[in-house]
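# Analysis of the macromolecular model
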Amino acid sequence: MNRIPSVSLRGGADADAAAASAPPPDPAALARWARAFCVIRFDLERGQLVEACYPPDALAAAGGGGLDRLVAFSSFPDSMSHHLPRHRSSVHDSLFSFRVPDPSSPRRAFLYGFVFNRQRQDERLPRGGEQKSVVILSHAPYSSLFRLLLQILGPLCFDVGPSALAMVASHVAAWPAPAPGRPMELPIGSAALRVHLPPAADDPGPPPALLPANPSVPYGLFHDADLFAAFRGLLLHLWTLWELMVVGEPVLVVAPSPAQCSEAVAGLVSLVAPLLYSVDYRPYFTIHDPDFARLNALAEGEVFPPMVLGVTNLFFLKSLKSIPNVVAVGSPNPNSTRVLPVGGQSPGNGTNGTPGKLKLDKLAINKFSPTSLLNSIKLRREGPLSLMTEHKEALWSTYAPTTKPDTSVLNRLIDAGVSPRIEESMSVVNNEILRRHFLELTTNFLAPFGPYLRTTTPSEGSSPFVDPPLLPPFHVDEFVNGLAARGPGKFLSKRMRSNWLDLYRRFLEGPNFMPWFRQRRAAAEQEQQRLWRQARINVDIEKLMSKMSELERIDSFNAVERYLLREMENSGRGNADSVAACQKLKEDLQAAFSVLPKDVQQLLLSNPKRAVLLQGGQEKAPGANGIVTQTSL
């Protein structure tokens with residue numbers, strides 16, 4: 001966003017009158033971006049209530065599925081989460097997100113909620129304060145966009161009231177259709193939101209053997225999540241977390257606030273880009289989620305389903321104790337974005353708070369001391385339940401990782417010093433370093449699957465009017481044996497232990513491989529069809545057929561006719577590109593017809609439909625041997 005957007009709205013009756021006089025937004029246009037805009041109020045007597053919603057029936061349209069209650073309960077800090085300390089300011093704002101099942105969808109679909117929560121302290125109010133949330137509910141995980149929009153809509157709702165929902169909805173409905181994977185400039189008020197939307201769910205992204213040149217382009221969901229800020233106290237464990245996400249292990253993320261846990265879950269999902277992450281994830285999970293009862297009822301010893309749950313309610317540490325991987329993130333002080341290194345050392349190591357390198361010894365990974373050893377043993381013995389008494393950043397896992405932390409990447413990270421302004425800019429640099437590395441790590445990990453996704457084009461001088469060859473068949477045993485013989489490659493061999501092949505086996509057996517591979521396979525087949533279609537459009541048919549035997553010419557005529565009929569079907573669906581292709585293929589069909597023997601021509605013309613296709617070919621056309629033939633229809 002190039003500058004702080006402004007929306008011209010007046011408060012009170014003027015705003016209500018303006019909203020009433022403005023034409024209502026087109027529902028279909030609005031639905032392309034958002035399902036609903038809501039204001040949720042916490043009532044001391046009745047709990048969370050939907051105070052206002054636009055469109056008014058957006059939550060009730062879920063067929064009685066309780067979407068309004070689910071959204072309301074997901075839009076506030078959990079009642080049993082860490083108590084917020086008193087702030088110097090009487091107003092505390094926070095942004096977070098959640099993901100819930102869509103009760104109105106016949107299939108297993110989800111809705112994404114983006115929340116602007118305001119907690120206001122005022123001794124004159126009951127219990128000394130109040131809190132409200134402004135929520136954008138959407139079927140699309142456009143976090144980079146909706147977080148920006150909430151920074152406008154949230155304060156606006158508190159300034160002018162619920163009429164702001166309809167006003168902002170009018171701007172959103174006027175936007176063009178979303179362009180996944182592309183940058184967009186979306187006007188709002190007197191400014192514009194500049195965002196780069198993540199790719200669509202069925203967009204495979206870059207080929208697995210190709211590392212993108214620009215790491216700032218989103219190749220997966222939640223590319224805007226701040227990895228460095230979310231996991232600053234657990235940087236050494238990022239490689240283990242990456243593996244847990246790749247193989248689809250269940251993970252419980254515990255944080256002091258919804259903002260911290262939702263940011264951490266988004267960061268984990270984005271960690272494996274460009275791999276399609278197919279495991280269910282909930283950036284902010286509460287006991288009111290309809291899936292909680294199922295998870296809470298798991299019998300002892302029953303395998304926990306693959307899920308990533310972000311929670312603040314410490315009750316989950318007991319109710320979901322069968323989950324094998326628990327990571328605690330974030331600082332208990334929501335006003336502090338800094339996370340001090342282990343041992344309480346000052347993070348700044350430059351003079352006068354200037355930036356410096358984030359030394360590995362400050363991450364407590366190389367230096368041994370009896371105190372750190374005893375603390376580590378105590379932390380492991382007590383397990384995640386130690387969070388009940390004191391929040392600390394840690395990872396508890398039964399998983400044995402294969403990938404080693406890359407110290408060269410950690411040594412490049414910059415410590416920000418004590419200035420908040422410097423810290424923010426340095427965090428951006430560190431986040432970019434981490435993103436670049438894990439994008440490269442995932443891309444190299446997926447590279448061995450490249451041969452099974454490689455497209456071909458017609459060879460020089462060959463006919464494109466034949467069916468493209470099939471992609472190589474994939475067999476798990478054959479792939480693993482071939483990979484074992486070739487090795488992991490230079491990039492991975494320096495970063496993985498000797499049991500690296502086990503990681504590939506777990507990936508092949510996990511929930512992420514097959515959805516990703518099928519998607520990539522379908523995309524490769526589609527790309528191959530496109531390349532061969534382009535070759536057919538570009539080919540010089542007369543030159544091609546001049547080198548063919550009579551039988552090959554007849555086969556080519558039939559092939560051109562088959563592809564022409566296919567393109568005509570596509571052009572009938574309104575495909576403009578197919579109209580030009582049809583014209584080219586009609587000319588090719590007439591050229592192929594003109595070089596066939598006369599008896600074959602007469603036989604072909606006995607089919608009325610084919611005769612119609614050849615209309616317009618009454619002009620004389622030179623044959624391959626210089627013979628002039630003429631079609632008579």
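Cut-off values and rules
Residues numbered from 1 in each chain as written. Predicted model: local features only at pLDDT ≥ 70, side-chain atom pairs only at ≥ 80, totals over all residues. Heavy atoms only, no water. UniProt positions renumbered as here; feature names shortened; annotations may be inferred. Helix = DSSP H or I, 4+ residues; strand = E, 2+ residues; numbered from the N terminus. Buried < 20%, exposed > 50% of the residue type's maximum accessible area, 1.4 Å probe, protein only. Contact = heavy atoms within 4.5 Å. Areas by Shrake-Rupley, 256 points an atom, 1.4 Å probe, with all protein chains shown as cover. Phe/Tyr/Trp six-rings, centres within 6.5 Å; stacked < 30°, edge-to-face > 60°. Lys NZ or Arg CZ within 6 Å of the ring centre and 35° of its normal. Salt bridge = Lys/Arg side-chain N within 4 Å of Asp/Glu carboxyl O. Expected span 1.5 Å × (residues − 1). Axes fitted to C-alpha atoms, helices over the stretch in contact; angles between N-to-C directions. Parallel < 35°, antiparallel > 145°, perpendicular 65-115°, else oblique. Left-handed = near helix turned anticlockwise from the far one by under 90°. Nonpolar A, V, L, I, M, F, W, Y, C, P; charged D, E, K, R; others polar. Pairing = 2+ DSSP bridges.

For the protein chain, the name recorded in an unreviewed UniProt entry is UDENN domain-containing protein, with Urochloa decumbens as its organism. Check the Sequence similarities (unreviewed entry) section of the UniProt entry for the protein chain; it says "Belongs to the DENND6 family."

## Observations regarding the overall build of the protein chain
Secondary structure summary: the protein chain contains 22 helices and 16 strands in total. Buried residues in the protein chain amount to 49% of all 633 residues. Taking the intrachain contacts of the protein chain between residues at least 6 apart in sequence as the baseline, contacts between residues at least 24 apart amount to 72%. Accessible surface computed for the protein chain: about 30600 Å², of which carbon and sulfur atoms make up 53%.

## Some words on the packing of aromatic side chains
Geometry of an aromatic ring pair is reported as the spacing of the ring centres plus the angle between the planes. One pass over the full model with this rule turns up 36 aromatic pairs. Taking the centre distance of 4.3 Å and the plane angle of 20° together, the rings of Phe 445 and Tyr 504 count as stacked. Residue Phe 445 is found in helix α13 (residues 420-446), and its partner Tyr 504 is found in helix α16 (residues 500-509); the two are separated by 59 residues along the sequence. The pair Phe 445 / Tyr 504 is uniform in exposure class, with both members buried. Geometry around Tyr 281 places Arg 99 over its ring, the cationic atom sitting 4.1 Å from the centre. In this structure, Arg 562 packs its charged tip against the face of Tyr 563, placed 5.5 Å from the ring centre.

## Looking at the environment of Pro 56
Tracing the backbone shows Pro 56 in the loop between β2 (47-54) and α3 (67-73). It is 9.2 Å that separates the C-alpha atoms of Pro 56 and Phe 37, two residues lying 19 residues apart in sequence.

## As for the pattern of salt bridges
Using the criterion set out here, one finds 20 salt bridges in the structure. Between Arg 41 and Glu 51 there is a salt bridge, with the nearest N and O atoms lying 3.0 Å from each other. Taken together, the positions of Arg 41 in strand β1 (residues 36-43) and Glu 51 in strand β2 put the pair ten residues apart, joining distant regions of the chain. According to the relative accessible area criterion, Arg 41 is partly exposed, its value standing at 28%. For Arg 108, the salt bridge goes to Asp 280, with nearest N and O atoms at 3.7 Å. With Arg 108 in the loop between β3 (91-101) and β4 (110-121) and Asp 280 in strand β9 (residues 280-282), the pair connects residues that are 172 residues apart, well separated along the chain. Judged by relative accessible area, which is 14%, Asp 280 ranks as buried.

## Some points on helix α19 (residues 550-571)
End to end, α19 covers 31 Å across 22 residues, agreeing with the expected 32 Å (1.5 Å per residue, within 8%). Taken as a whole, α19 has its buried residues at Arg 553, Ser 556, Phe 557, Ala 559, Val 560, Glu 561, Tyr 563, Leu 564 and Glu 567.

## Let's talk about the packing of helix α4 (residues 143-160) against helix α5 (residues 163-173)
Remark: α4 packs on α5, axes separated minimally by 8 Å, with the N-to-C direction vectors making an angle of 150°. Between α4 and α5, the angle is such that the two are roughly antiparallel. Seen along the crossing, α4 lies across α5 with a hand that is right-handed. Facing α4, whose interface residues are Leu 149, Leu 153, Leu 156, Cys 157 and Val 160, α5 presents Ser 163, Ala 164, Leu 165, Val 168 and Val 172. Partitioning the contact of α4 with α5 into residue classes produces nine nonpolar, one polar and no charged.

## Thoughts on the pairing of β4
The side chains of a regular strand alternate between both faces of the sheet. With respect to burial, β4 is a largely interior element, ten of its twelve residues being buried. With eleven bridges joining them, β3 and β4 adopt antiparallel strand pairing. By the bridge assignment, Phe 96 is partnered in β4 with Val 115.

## Some points on the environment of Gly 220
Within the secondary structure layout, Gly 220 lies in the loop between β7 (191-196) and α6 (227-230). In this structure, Gly 220 is in contact with Pro 198, Pro 199 and Ala 273, ignoring residues within four places of it in sequence.

## Considering the sheet that holds strand β11 (residues 325-328)
Strands pair in a sheet through their backbones, by hydrogen bonds, and they do so in one of two ways: parallel or antiparallel. If you trace the five strands from one edge of the open sheet to the other, you get β9-β10-β8-β11-β13, paired in mixed fashion. What marks the edges here is a single partner per strand, and that holds for β9 and β13 (394-397). Across the sheet, the axes of successive neighbouring strands diverge by a mean angle of 10°, strand direction being ignored. Two elements, strand β8 (residues 251-254) and β11, share three bridges in a ladder whose sense is parallel. Looking across to β11, one finds that Val 254 is bridged to Ala 328. Relative to β13, helix α7 (residues 238-247) is tilted by about 45°, and along the sheet it contacts β8, β10 (307-311), β11 and β13. Strands β8, β9 and β10 of the sheet are contacted by helix α8 (residues 258-271), whose axis makes an angle of about 155° with β10.

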